[in-house]
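Survey of secondary and tertiary structure
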Amino acid sequence: MERGGLVSPWQAAHRQIKRKKYSILDHNRLNKSKGSTLSNGGISLHSAVKRKLVEDKDYVFDKRLRYNVRQNESNCRFRDIVVRKEEGFTHILLSSQTSDNNALTPEIMTEVRRALGNASVDDSKLLLLSAVGSVFCSGLDYSYLIGRLSSDRRKESTRIAESIRDFVKAFIQFKKPIVVAINGPALGLGASILPLCDIVWASEKAWFQTPCATIRLTPAGCSSYTFPQILGVALANEMLFCGRKLTAQEACSRGLVSQVFWPTTFSQEVMLRVKEMATCSAVVLEESKYLVRSFLKSALEGVNEKECQMLKQLWSSSKGLDSLFSYLQGKIYEV
Amino acid sequence: MERGGLVSPWQAAHRQIKRKKYSILDHNRLNKSKGSTLSNGGISLHSAVKRKLVEDKDYVFDKRLRYNVRQNESNCRFRDIVVRKEEGFTHILLSSQTSDNNALTPEIMTEVRRALGNASVDDSKLLLLSAVGSVFCSGLDYSYLIGRLSSDRRKESTRIAESIRDFVKAFIQFKKPIVVAINGPALGLGASILPLCDIVWASEKAWFQTPCATIRLTPAGCSSYTFPQILGVALANEMLFCGRKLTAQEACSRGLVSQVFWPTTFSQEVMLRVKEMATCSAVVLEESKYLVRSFLKSALEGVNEKECQMLKQLWSSSKGLDSLFSYLQGKIYEV
Amino acid sequence: MERGGLVSPWQAAHRQIKRKKYSILDHNRLNKSKGSTLSNGGISLHSAVKRKLVEDKDYVFDKRLRYNVRQNESNCRFRDIVVRKEEGFTHILLSSQTSDNNALTPEIMTEVRRALGNASVDDSKLLLLSAVGSVFCSGLDYSYLIGRLSSDRRKESTRIAESIRDFVKAFIQFKKPIVVAINGPALGLGASILPLCDIVWASEKAWFQTPCATIRLTPAGCSSYTFPQILGVALANEMLFCGRKLTAQEACSRGLVSQVFWPTTFSQEVMLRVKEMATCSAVVLEESKYLVRSFLKSALEGVNEKECQMLKQLWSSSKGLDSLFSYLQGKIYEV
């Protein structure tokens, strides 16, 4: 056996985490993750059927919005994101049905990647990324992570790390300008990818945190490169090492965000500006982005590879996993 | 014929632009540009004579200053800039006679380059760059641009792009420290070149804008590289893509400007500091600048080449030119 | 003779500097430096004995702290710094006995390097760097510099420049996170090395200045590279060329410092956070720092070499030294 005596404390921890903190939604998902392990990390037929049911049951979001979206002919079929084709631009909204607070799982990251792939070849001039609900994105889904890693740490560490790598790579390689509208908290990977987007507007209610070291993780989303560039090495490290939280205003004054808007008029302000941008020439937008990004692209791709390699190593080592588990267990006892 | 049916709408647009918005000064210049086209973009004898007259007629600026300058023995002969040799430093003032608001034409950029060339070999320790009037520099002269491109887009797109490239290159390669004093608006190329200068002081009245994409242009002056470095990628892109305006205070808090002074005492404050700097050792100043700039120089030269290449392509394509013309026409109807 | 007629004005200047400004402590040190010159820049037996006495006599600092430190078994023997092994981290305090205001001499820099060397292999997870007294570090000790350079400028310029190079290199190469707590003024090299540390916290009382060109020196400590990166090229150059002073708040809003604390609770706030950081996994801390720093390391090492090479050239040229001496003499007459 690969994991030997280490399996039991992790599985025990995992059980406690499930019992004490996570909602029925998490429970369902964690069961699913257990199911899929049987088919070596793929999605078994059984769990696919189950998910269908879960999806219907968990249908708990802005119904009006979904209704509108469903009306839209050009809208592709996604589960955890909503994609709207607008005049001149594509709008992707994080709206996760299978995780809380728009947390990211490999499945959700794949959907975003697919949507980016579609938007890169459609006739839109730019991309708007935002979220449904009060949270922009809470980063990697830790309960998913623990569920998977505790079942097969070697295989899953590779699968999840590669999934993050491909997700981040899709942002690095996207050729049209990406405008991102941050309605609320952006955490972990949800904050890390912001410098890979081109314009970042935030609601007064947004805040930003990447508590990697605190949660016993190393940086991802190229934040080890982009954060020091933008925030200065001191603040970047305080975010990465100490979990320093930035308010929207702080993030703006330090350059992570370009403008902060009042929450009540946030969407209108963003829409107004995005529509204006979409009147620009597609060639000029794409070539301008190329000029701004081209010399960084290969550096970012290298950083992304390194970061994901390190996460994989951490997750596949019993020491790294122990540390992650004991941290999360500690958090649970604190609750 | 190269341009075929496309010529007429541009020429029509050009005529409208001339009729509706531009002053007699522009009219003269545009006529000149038509003249010089006859001699393949060079300056015909005829137009040289004409310009002489225009120069005398357009003599409409701070006469007291010009008078003082004329007294100065060491002052070279320039038409659109004023150059003063001071104790320890050279002072270049933008003071365009052939464009409004210190807008830049290839001819004016050549004068600045010549002045930089002189200052690089004289006994001055540093260079002060400022402007006469209430505007620092309004960037590329669009009416000039349109006039030329509508007459011979292939030849003129190359000539103007190369002129920008050489102008920007002169700043990149200048070895002595450049202090720039921004008295008022700095737009487009007039804002883009600031990060190529070493110290940027601004009056409270200054503001900064590089609305490239809005005007259907791609970035120039290395702003695609320097703006993200200094302002963070989000704000840089908001300036380049959305034409976001920065006040002097915003530009200072984000690092484009190093200090803001009260308008009424601006020149004195600048002069005081420049004179103090000029007491430093010439070797230390030049070597310090070398240390700060050397590792960036080749990157900046590459970016400059790329940016100008892209502008040339844009201007020599009928699509790019159409888009530029229709934008400027739209602006004229708005007036 | 190598220096010919140039020796006398420098030695005269040196004598004046000693007479007019420096304390008995400087006098002792300068005498020592004279002594050690006899043994070609090494430390002669004679001066070693002398130093021992000086050390006892000059014992003028927070006695309570030194007492506590002396109790600590794991504390190594240093003269100008204090090293404390704490739970999970190593604490280095600048506390110079042989210079005023924690100014740096090659000997003090060697002690810091030795302490960094020890901390890199002990079981600590991170390093805390701070200072005893009201000044963090006043940079290079100019009276030491003048004393040495006036006695043998060729040999001493090499020795001192190499000493700076190795000191800075030790920071660049240190693998564990370095937290630095700035209690008061950080000047010259004492400010330059901050971007080589990972987290920079400052007391409201701290301020920052690197008046290189003003003192007729070129930048050191990689500030020619890191300052433009962090502060933007305009402010970096204003600091390097004009000696612009930054308050703690300014340094924080521009990214040199990540957070400013109230002076009365500064140490507690820092300790609280450092202890929290020290609960993180050592692997995660070191790997995170590796990710953030790895791509910069070779660039920084190159910059450091260049900067020290330039200082050496400046100090070994009679012109550079003349300029430095006449500046410092001018300062003395001002006092």
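In short, a report on the structure. What you see is a predicted model, and the numbers here were worked out from it, not measured in a lab.

Okay, the overall build of chain A next. Across its full length, chain A holds 14 helices and nine strands. Looking at the 335 residues of chain A, the share that counts as buried comes to 62%. In chain A, of all internal contacts separated by at least 6 residues, the share reaching a separation of at least 24 is 73%.

Moving on, we get to the relation of the copies chain B and chain A. Overlay of chain B on chain A (RMSD 0.0 Å): rotation 120°, translation along the axis 0.0 Å. Given the turn and translation reported, the copies of this chain are related as if by a three-fold rotation axis. When the interface residues of chain B are mapped onto chain A, a mere 4% of them again fall at the interface, so the copies present different faces.

Take unusual backbone geometry next. Residue and element names in this part refer to chain A. Phi at asparagine 101 takes a positive value of approximately 50°, unusual for a residue other than glycine. Within the secondary structure, asparagine 101 is located in the loop between strand 2 (89–94) and helix 5 (106–121). A positive phi angle, close to 50°, is found at asparagine 102, a residue other than glycine. Considering the arrangement of structural elements, one finds asparagine 102 in the loop between strand 2 and helix 5.

This part covers helix 10 (residues 233–242) of chain A. Residue and element names in this part refer to chain A. Counting buried positions over the ten residues of helix 10 gives nine, a clear majority of the element. Looking only at helix 10, the buried set comprises Val233, Ala234, Leu235, Ala236, Asn237, Glu238, Met239, Leu240 and Phe241. Where helix 10 terminates, the next one or two residues include glycine 243, which has phi positive at roughly 70°.

Once that is clear, we can look at the relation of the copies chain B and chain C. With an RMSD of 0.0 Å, the operation that places chain B on chain C is a rotation of 120° combined with a shift of 0.0 Å along the axis. The residues that chain B uses at the interface reappear at the interface of chain C in only 3% of cases, marking distinct surfaces.

With 32 residues of chain B at the contact, the number on the chain C side is 27 residues. With both chains or domains summed, chain B and chain C bury close to 2400 Å², and 66% of this area falls on carbon and sulfur atoms. On the chain B side of the contact with chain C, Val284, Leu291 and Val292 of chain B bury the most area, a combined 25% of that side's loss. Here chain B and chain C share zero salt bridges between them. At the junction of chain B with chain C, the criterion picks out eight residue pairs in polar contact (both at pLDDT 80 or more). Within the residue set of the side of chain B that touches chain C, elements represented by two or more residues are strand 6 (199–203), helix 9 (223–231), helix 11 (248–254) and helix 13 (282–316) of chain B. If you tally residues by element for the side of chain B that touches chain C, the top one is helix 13 of chain B, at twelve residues.

What follows covers the side chain of serine 258 of chain C. With respect to the secondary-structure elements, serine 258 of chain C resides in the loop between helix 11 (248–254) and strand 9 (259–261). With a relative accessible area of 0%, serine 258 of chain C lands in the buried category. The contacts of serine 258 of chain C, once residues within four sequence positions are left out, are Ala234, Leu235, Glu238, Arg244 and Arg254 of chain A together with Ile199, Val200, Trp201 and Cys252 of chain C.

With that out of the way, let us pick up the sheet that holds strand 5 (residues 186–187) of chain C. Ordered by their spatial adjacency, three strands build an open sheet running 5-7-8 (chain C), and the pairing between neighbours is mixed. Of all strands in the sheet, those with a lone pairing partner are strand 5 and strand 8 (246–247) of chain C, marking the two edges.

With that settled, consider the packing of helix 13 of chain B against helix 9 (residues 223–231) of chain C. Where helix 13 of chain B meets helix 9 of chain C, the closest approach of the two axes is 8 Å, and the angle between their N-to-C directions is 70°. As far as their axial angle goes, helix 9 of chain C and helix 13 of chain B are roughly perpendicular. Counted together, Leu291, Val292 and Phe295 of chain B of helix 13 of chain B and Ser224, Tyr225 and Pro228 of chain C of helix 9 of chain C form the full contact between these two elements. Here the residues of the contact of helix 13 of chain B with helix 9 of chain C are counted per class, giving five nonpolar, one polar and no charged.

The next subject is the sheet that holds strand 2 (residues 89–94) of chain B. Residues and elements named next belong to chain B. The sheet built from six strands is open, its strands ordered 1-2-3-4-6-9 with mixed pairing. Two strands in the sheet have a free side with no partner beyond their single neighbour: strand 1 (81–86) and strand 9 (259–261). Neighbour-to-neighbour, the strand axes of the sheet open up by a mean angle of 20°, direction not taken into account. Where strand 6 meets strand 9, three bridges bridge the pair, whose relative direction is parallel. Residue tryptophan 201 lies in a different strand from strand 9, and its bridge partner there is glutamine 259. Where helix 12 (residues 266–277) meets the sheet, its contacts fall on strand 2, strand 3 (126–131), strand 4 (178–182), strand 6 and strand 9, and the angle it forms with strand 6 comes to roughly 160°.

All told, the structure shown has zero disulfides over all chains when counted by the stated rule. Left unpaired, cysteine 242 of chain A is separated from the closest cysteine sulfur, that of cysteine 280 of chain C, by 7.6 Å. We note that cysteine 212 of chain B lacks a disulfide partner, and the nearest cysteine sulfur, in cysteine 280 of chain A, lies 10 Å from it. Here cysteine 212 of chain B falls in the buried class, since its relative accessible area comes to 11%.

With that settled, the discussion passes to the packing of helix 7 (residues 153–173) of chain A against helix 13 (residues 282–316) of chain A. All names here are of chain A. Packing of helix 7 against helix 13 leaves a shortest axis separation of 9 Å and a crossing angle of 160°. The pairing of helix 7 with helix 13 is recorded here as roughly antiparallel in orientation. The crossing of helix 7 and helix 13 is right-handed. On helix 13, the residues that touch Arg153, Ser157, Thr158, Ile160, Ala161, Ile164, Arg165, Val168, Lys169, Ile172 and Gln173 of helix 7 are Lys297, Leu300, Glu301, Asn304, Glu305, Cys308, Leu311, Lys312, Trp315 and Ser316. Here the contact of helix 7 with helix 13 is built from residues that sort into nine nonpolar, five polar and seven charged.

Our focus in this paragraph is empty space enclosed by the protein. A full pass over the atoms with the stated rule returns 15 cavities of 30 Å³ or more. Taken as a whole, the largest cavity encloses approximately 210 Å³ of empty space. If you go around the largest cavity, you meet 21 residues; those closest to its centre are Ile230 and Arg254 of chain A, Ile230 and Arg254 of chain B together with Ile230 of chain C. When its residues are assigned to classes, the lining of the largest cavity shows six nonpolar, twelve polar and three charged.

Reading the values: the criteria
Residues numbered from 1 in each chain as written. Chains lettered and ligands numbered in written order. Predicted model: local features only at pLDDT ≥ 70, side-chain atom pairs only at ≥ 80, totals over all residues. Heavy atoms only, no water. Helix = DSSP H or I, 4+ residues; strand = E, 2+ residues; numbered from the N terminus. Buried < 20%, exposed > 50% of the residue type's maximum accessible area, 1.4 Å probe, protein only. Contact = heavy atoms within 4.5 Å. Least-squares fit on C-alpha atoms with pLDDT ≥ 70 in both. Buried area = accessible area lost by both parts, 1.4 Å probe. Salt bridge = Lys/Arg side-chain N within 4 Å of Asp/Glu carboxyl O. Polar contact = N/O pair within 3.5 Å; in protein donor to acceptor, adjacent residues only side chain to side chain. Pairing = 2+ DSSP bridges. Axes fitted to C-alpha atoms, helices over the stretch in contact; angles between N-to-C directions. Parallel < 35°, antiparallel > 145°, perpendicular 65-115°, else oblique. Nonpolar A, V, L, I, M, F, W, Y, C, P; charged D, E, K, R; others polar. Disulfide = S-S within 2.5 Å. Left-handed = near helix turned anticlockwise from the far one by under 90°. 1 Å grid on protein atoms, 1.4 Å probe; cavity = no way out; pocket = protein on both sides within 12 Å on 5 of 7 lines; lining within 4 Å. Points joined across faces, edges and corners; volume = space filled by probe spheres on them.

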